[in-house]
Amino acid sequence: MMIHLTMIGSGNLTKTFVLGWIPHLDRLHMNLSVLARSEKYRQRGWEAIPIAPGLNPEILKAANVIILSVKPKDMGSALKEIRTYASPESLVVSVLAGISLSTLTDELPGRAIIRTMPNIAVAVGQGTIVVAESAGLEHALWPWFKQALDYLGHIVITDESLVDPATALSGSGPAYVYLLLQAISDAGQAMGIPAELARNLAVRTVRGAAEVALDNPEASFDDLISWVASPGGTTQAALDRLKQLQVSNSLREAVLQAGAKAAGMSMQTTRVQQLTKEES
Ligand SMILES: NC(=O)c1ccc[n+]([C@@H]2O[C@H](COP(=O)([O-])OP(=O)(O)OC[C@H]3O[C@@H](n4cnc5c(N)ncnc54)[C@H](OP(=O)(O)O)[C@@H]3O)[C@@H](O)[C@H]2O)c1
């Protein structure tokens, strides 16, 4: 049977999902479509991808799985489209940061909903996809959708309380890594390495370092550092300076800040919902 999967929203994250799935559509028996609100998607190089500008009731009616991939501030209109047109039998998947399952369930009563937190590495099959445990995982299409997610990366099913922290760690995480890459490749250039080579060395270093950490789950991060740094050597000189600049503490605080923001968004939407209910 062909499964119709529709993504609402044609932004950065949707594009990464589409890029990740395009090579596997036949194997998954997936008919993939994207609903775009405006013509802005044209600026994002969507030529190769089936896309439906504007509201498209027929596509929503046919969808077996719907992924809600808009910014939290725009979710009201997208949820209304789902309520109005989508089959009650369909499976609704959220990738929204900071929007709880209870908020989504209140907005879409009686529907099967799954809350996830992916990251942009799904585009290359290397994503980290956190999925909240919920009744939505009992939907008949969850096994199929899980298989579809398997093509996009590593799935972790966990209690919903960990989704906001995971949003800060792995959802936003690629951005922190790019900041690190920028800094080390800038330093390379400052020492005379041509820009393209500096970028290549930096990026491949991060990929290789991550692979070593994955291959050695028993090694602590301190152990891994000790495999590189010898006393009085070049690495140790950099590590001493990083310690002096309190870089680890700063990074830790930055991730906590993202976690607080995600948790704050959850609380804010719940409060707005309560107020709306009290007023009506
Ligand atoms: N980017 C990431 O790395 C990442 C990682 C994890 C989770 N997320 C979550 O993914 C969601 C999307 O993020 P993003 O980075 O892709 O945002 P984005 O690039 O701003 O894209 C959002 C898209 O939603 C569209 N949209 C808004 N309302 C719509 C509606 N009613 N119908 C159809 N399309 C509608 C917007 O249309 P226009 O083009 O017309 O503005 C835009 O294309 C967010 O909730 C975010 O929390 C993102």
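Going by the structure above, here's the rest.
Below you will find a few notes about this structure. (Residues numbered from 1 in each chain as written. Predicted model: local features only at pLDDT ≥ 70, side-chain atom pairs only at ≥ 80, totals over all residues. Heavy atoms only, no water.)

### Examining the side chain of Asn 64
The following threshold applies: Secondary structure elements are defined from DSSP: runs of H or I of at least 4 residues count as helices, runs of E of at least 2 residues count as strands, and each element is numbered from the N terminus. For the purposes of these results, a polar contact is taken to be a pair of N or O atoms within 3.5 Å, where, inside protein, one atom must be able to donate a hydrogen and its partner to accept one; residues adjacent in sequence count only when each atom of the pair is a side-chain atom. When checking whether two residues touch, look at their non-hydrogen atoms; a contact exists if any pair is within 4.5 Å.
Along the chain, Asn 64 falls in the loop between helix H3 (57–62) and strand E4 (65–68). Of the polar contacts made by the side chain of Asn 64, one reaches the backbone nitrogen of His 4; its length is 2.6 Å. Non-local contacts of Asn 64, meaning those with residues more than four positions away in its chain, are made with Met 1, Met 2, Ile 3, His 4, Ser 90, Leu 91 and Leu 141.

### Structural notes on the site of the ligand
What counts here: A molecule or strand has a residue near it when one of that residue's heavy atoms lies within 4 Å. Put simply, Ala, Val, Leu, Ile, Met, Phe, Trp, Tyr, Cys and Pro go in the nonpolar bin, Asp, Glu, Lys and Arg in the charged bin, and everything else, Gly too, in the polar bin.
Not every one of the 25 residues close to the ligand is listed here, only the nearest: Asn 12, Leu 13, Arg 37, Ser 38 and Val 70. A distance of 3.4 Å is found between an oxygen atom of the ligand and a backbone nitrogen or oxygen belonging to Gly 11. Measuring from an oxygen atom of the ligand, one finds a backbone N or O atom of Asn 12 at 3.0 Å. Mapped onto the shell around the ligand, the elements with two or more residues apiece are helix H1 (12–21) and helix H4 (75–85). Top element by residues in the shell around the ligand is H4. It accounts for three residues. Looking at the shell around the ligand residue by residue, the class counts come to twelve nonpolar, seven polar and six charged.

### Some points on the packing of aromatic side chains
Put simply, the test is: Only centres within 6.5 Å qualify two rings of Phe, Tyr or Trp (six-membered ring in Trp) as a pair; their planes then separate them into stacked at under 30 degrees, edge-to-face at over 60, and tilted for everything else. For each residue, the accessible area found with a 1.4 Å probe, counting protein chains only, is set against the maximum for its type, and the residue is called buried under 20%, exposed over 50%, and partly exposed in between.
Summed over the entire model, instances satisfying the criterion amount to three aromatic pairs. Each ring, one from Trp 142 and one from Phe 145, has its centre 6.4 Å from the other, and the planes form 50°; the classification is tilted. Pair noted here: Trp 142 and Phe 145 are both in helix H6 (residues 142–150), with a separation of three residues, about one helical turn. In this structure, Trp 142 and Phe 145 share a single accessibility class: buried. Site record: aromatic cluster; members linked through ring pairs are Phe 17, Trp 21, Trp 142 and Phe 145.

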